[in-house]
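The primary structure of each chain is shown beneath.
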Amino acid sequence: MSSRLLTALRAPRIVVGATIALSVTVSVAACAEEADAPDIGSLAAGELDGWTPLHEQPHESVLAYDQVAVASTDGVLAWLTRAGESGAALSVWTSADGDTPVETPVVMPGSVAIPVALAADPAGWSGVAVTRDDPDGANTGLVAWRSPEEGSAPGGNGPRSAGGAAATDPAPEGLRLPEAGVPGVVTAARAAGVDVVAGVAGGEVVTWVSGAEGWTAGTPELDVDGEVVNARVGGTGDRFLLAAVGATGAPYLWSSTDGFAWTAVPVEAPDASLAAVGIVTGVGPSDAGEGLVAWLVGEPSATEVPREAAEVVVQRVEGTTITDAGTISAGDDGTALVDVNAAARRGEWLVIGGARVGDGGAVRPGLWASAGGEWAQSAQADLVDQSDREFRALDGGADGSLYGVITGRSSIDVDVWRSEGER
């Protein structure tokens, strides 16, 4: 597939100023190759079709607004949600290369906890939840858990107390809040053995960085024109990427190797106002250091951060170089908006997962693939016609397969799907 793809994408172009004879020759060759070039959707079939369910984890809702926090990197999928099929406590599940998920229960705080963010890699994970004094009250705090240290019992299988907690179960650590209170959108990332949690409060980006003595809260020094309305953090192996949208609809991007000092990465703003960051993440092997940012087109708002848009602008990040990777648009299949949650690379292909939202608000999984700026959409019926489901994570396995986590939009059911390696 890859050789055919590259042939189609690298068709010769006419060079201005070349001789007439050369122009004619190149034009004829280009036209002939263009006529024979397969449709991008056909080429993308290996990434968009052939997905099969691997693991199912149903769960009855404990609270009407329960959530699942999901993460992925280097062949590892992870999710933080309610334990068991009807339990009220929280657990983290990890699955490497599609293996049976391993559960690690966490110690609950002395208040209501709702998962909001998770970061994971082969060495460990960190999860974050907002806390409330009562289920229907306002968010009052943030707590974080970190995976057990190497050598402790995996999955919290040590002796349990009368309250159900094991000595090895991660305990909640409180994250000191800024004066503006709990951020509305919280994300987490891991890179170089460090965990970073980020959000926006009072028009500023706020962060928490993990360390041996706990978490350090701070407000990074960032050069922003006005206030920030939305920000997300992602890991790309050896560094972090922090993407944000300002009150004017302008994009911002910074990188950091330690989570404290951030360096601006020049961003070429799309020819449109931006409403929010959809994704900022690493793609491909972590040692490649390649990142991806997806921006939601629309009007920025400091009070209602959108999670979907009619258009999503995708950009690749390599070092300090940003290149355009095309635009994902709501299609003619009844889709009014698209939601993007995860991205992965397989060979020449970039794959993005999320949801398609219909005119009436119905939500179904969305999956798109591209290798040159043009995005094709999956039409695999049993995958994308699932009601109230969305892709939340994507990652490549050691065997070339792609793995994805699909969760309910209004439930906390979790399914793991797999697309086999190149066929």
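Bear in mind the structure is a predicted one, so any value in this text is a computation, not a measurement.

How each quantity is defined
- Residues numbered from 1 in each chain as written.
- Predicted model: local features only at pLDDT ≥ 70, side-chain atom pairs only at ≥ 80, totals over all residues.
- Heavy atoms only, no water.
- Helix = DSSP H or I, 4+ residues; strand = E, 2+ residues; numbered from the N terminus.
- Buried < 20%, exposed > 50% of the residue type's maximum accessible area, 1.4 Å probe, protein only.
- Contact = heavy atoms within 4.5 Å.
- Areas by Shrake-Rupley, 256 points an atom, 1.4 Å probe, with all protein chains shown as cover.
- 1 Å grid on protein atoms, 1.4 Å probe; cavity = no way out; pocket = protein on both sides within 12 Å on 5 of 7 lines; lining within 4 Å.
- Points joined across faces, edges and corners; volume = space filled by probe spheres on them.
- Nonpolar A, V, L, I, M, F, W, Y, C, P; charged D, E, K, R; others polar.
- Pairing = 2+ DSSP bridges.
- Salt bridge = Lys/Arg side-chain N within 4 Å of Asp/Glu carboxyl O.
- Phe/Tyr/Trp six-rings, centres within 6.5 Å; stacked < 30°, edge-to-face > 60°.
- Lys NZ or Arg CZ within 6 Å of the ring centre and 35° of its normal.
- pLDDT = per-residue confidence, 0-100.
- Polar contact = N/O pair within 3.5 Å; in protein donor to acceptor, adjacent residues only side chain to side chain.

### Topic: the overall build of the chain
Here is step 1 of the chain: When you go through the chain residue by residue, the secondary structure sums to 5 helices and 28 strands.
Here is step 2 of the chain: Buried residues in the chain amount to 50% of all 423 residues.
Here is step 3 of the chain: Taking the contacts inside the chain whose residues are at least 6 apart along the sequence as the reference set, 51% of them involve residues at least 24 apart.
Here is step 4 of the chain: Of the accessible surface of the chain, which amounts to about 18300 Å², a share of 48% is contributed by carbon and sulfur atoms.

### Some points on the layout of surface pockets
Here is step 1 of the chain: Taken as a whole, the second largest pocket holds about 400 Å³ of empty space.
Here is step 2 of the chain: As for the second largest pocket, its lining consists of 19 residues, of which W125, R146, S147, P148 and E149 are closest to the centre.
Here is step 3 of the chain: Elements supplying a minimum of two residues to the lining of the second largest pocket: β7 (124-132), β8 (139-146), β11 (194-201) and β12 (204-211).
Here is step 4 of the chain: Across the lining of the second largest pocket, the residue classes tally to 8 nonpolar, 5 polar and 6 charged.

### Section: the sheet that holds strand β23 (residues 349-358)
Two strands in a sheet stick together by hydrogen bonds in their backbones, pointing the same way (parallel) or opposite ways (antiparallel).
Here is step 1 of the chain: Strand order in the open sheet made by the 4 strands is β22-β23-β24-β25, with antiparallel pairing throughout. Among the strands making up the open sheet, the edge pair consists of β22 (335-346) and β25 (376-377).
Here is step 2 of the chain: Sheet analysis places β23 next to strand β24 (residues 363-370), joined by 8 bridges and oriented antiparallel. Paired with I352 across the two strands is W368, which belongs to β24.

### Here's the deal with the pattern of salt bridges
Here is step 1 of the chain: Considering all chains together, one arrives at 15 salt bridges under this definition.
Here is step 2 of the chain: With a closest N to O distance of 3.1 Å, R409 and E390 form a salt bridge. In this pair, R409 is assigned in the loop between β27 (402-408) and β28 (414-419) and E390 in strand β26 (residues 389-396), connecting sequence segments 19 residues apart.
Here is step 3 of the chain: Taking relative accessible area as the criterion, E390 reaches 2% and is therefore assigned buried.

### Quick look at the packing of aromatic side chains
Here is step 1 of the chain: According to the stated counting rule, one finds 2 aromatic pairs in the structure shown.
Here is step 2 of the chain: Judged by centre distance (5.7 Å) and plane angle (75°), the ring pair of W51 and F391 falls under edge-to-face. Pair noted here: W51 is in strand β1 (residues 51-57) and F391 is in strand β26, with a separation of 340 residues, a long-range link. Across the pair, exposure class does not vary: W51 and F391 are buried alike.
Here is step 3 of the chain: When the centroid spacing of 5.9 Å and the interplanar angle of 5° are considered together, the rings of Y252 and W254 count as stacked.
Here is step 4 of the chain: Y252 sits in the buried class, given a relative accessible area of 15%.
Here is step 5 of the chain: With relative accessibility at 3%, the residue W254 sits in the buried group.
Here is step 6 of the chain: We note R132 situated over the ring of Y65; from NZ or CZ to the ring centre the distance is 4.6 Å.

### A word on the environment of A117
Here is step 1 of the chain: Relative to the helices and strands, A117 resides in strand β6 (residues 112-121).
Here is step 2 of the chain: Counting along the chain gives 47 residues from A117 to V70, while the straight-line C-alpha distance between them is 7.0 Å.
Here is step 3 of the chain: Residues in contact with A117, not counting those within four places in the same chain, are A69, L80, S126, G127, V128, V186, T187 and A188.

### Quick look at the sheet that holds β6
Here is step 1 of the chain: Read across the open sheet, the 4 strands follow the order β6-β7-β8-β9; overall the sheet is antiparallel. A single partner strand is all that each edge strand has here, and the edge strands are β6 and β9 (173-174).
Here is step 2 of the chain: Sheet topology places β8 next to β9; 2 bridges connect them, and they run antiparallel. Counted as the bridge partner of V143 is G174 from β9.

### With respect to the confidence of the model for the chain
Here is step 1 of the chain: For the chain, the mean per-residue pLDDT works out to 86, and 86% of the residues sit at or above 70.
Here is step 2 of the chain: When mean pLDDT is taken per element in the chain, β9 scores highest with 98 and helix α1 (residues 2-9) scores lowest with 33.
Here is step 3 of the chain: Between residues 1-35, whose pLDDT stays under 50, and residues either more than four places distant or in other chains, the model counts 29 contacts.
Here is step 4 of the chain: When the criterion is pLDDT under 50, residues 151-164 qualifies, and its contacts beyond four places in sequence or with other chains add up to 23 contacts.

### Regarding the environment of Q377
Here is step 1 of the chain: Summarising the element assignment, Q377 is placed in strand β25.
Here is step 2 of the chain: Sequence spacing of Q377 and G331 is 46 residues, and the spatial spacing of their C-alpha atoms is 9.0 Å.
Here is step 3 of the chain: Sequence-distant contacts of Q377, that is, excluding residues within four places in its chain, are made with L48, D333, R356, L367 and W368.
Here is step 4 of the chain: Of the polar contacts made by the side chain of Q377, one reaches the side chain of W368; its length is 3.2 Å.

### A short note on the side chain of S91
Here is step 1 of the chain: Examined against the element boundaries, S91 turns out to sit in strand β4 (residues 90-96).
Here is step 2 of the chain: Only 2.7 Å separates the side chain of S91 from the side chain of E103, close enough to count as a polar contact.
Here is step 3 of the chain: If sequence neighbours within four positions are ignored, S91 has contacts with W79, L80, T81, A83, E103, T104, P105 and V106.

### A look at unusual backbone geometry
Here is step 1 of the chain: Of note, the phi angle at D97 is positive, near 50°, even though the residue is not glycine.
Here is step 2 of the chain: Tracing the sequence through the fold places D97 in the loop between β4 and β5 (102-105).
Here is step 3 of the chain: Phi at D388 takes a positive value of approximately 60°, unusual for a residue other than glycine.
Here is step 4 of the chain: Counting through the fold element by element, D388 comes out in the loop between α5 (381-384) and β26.

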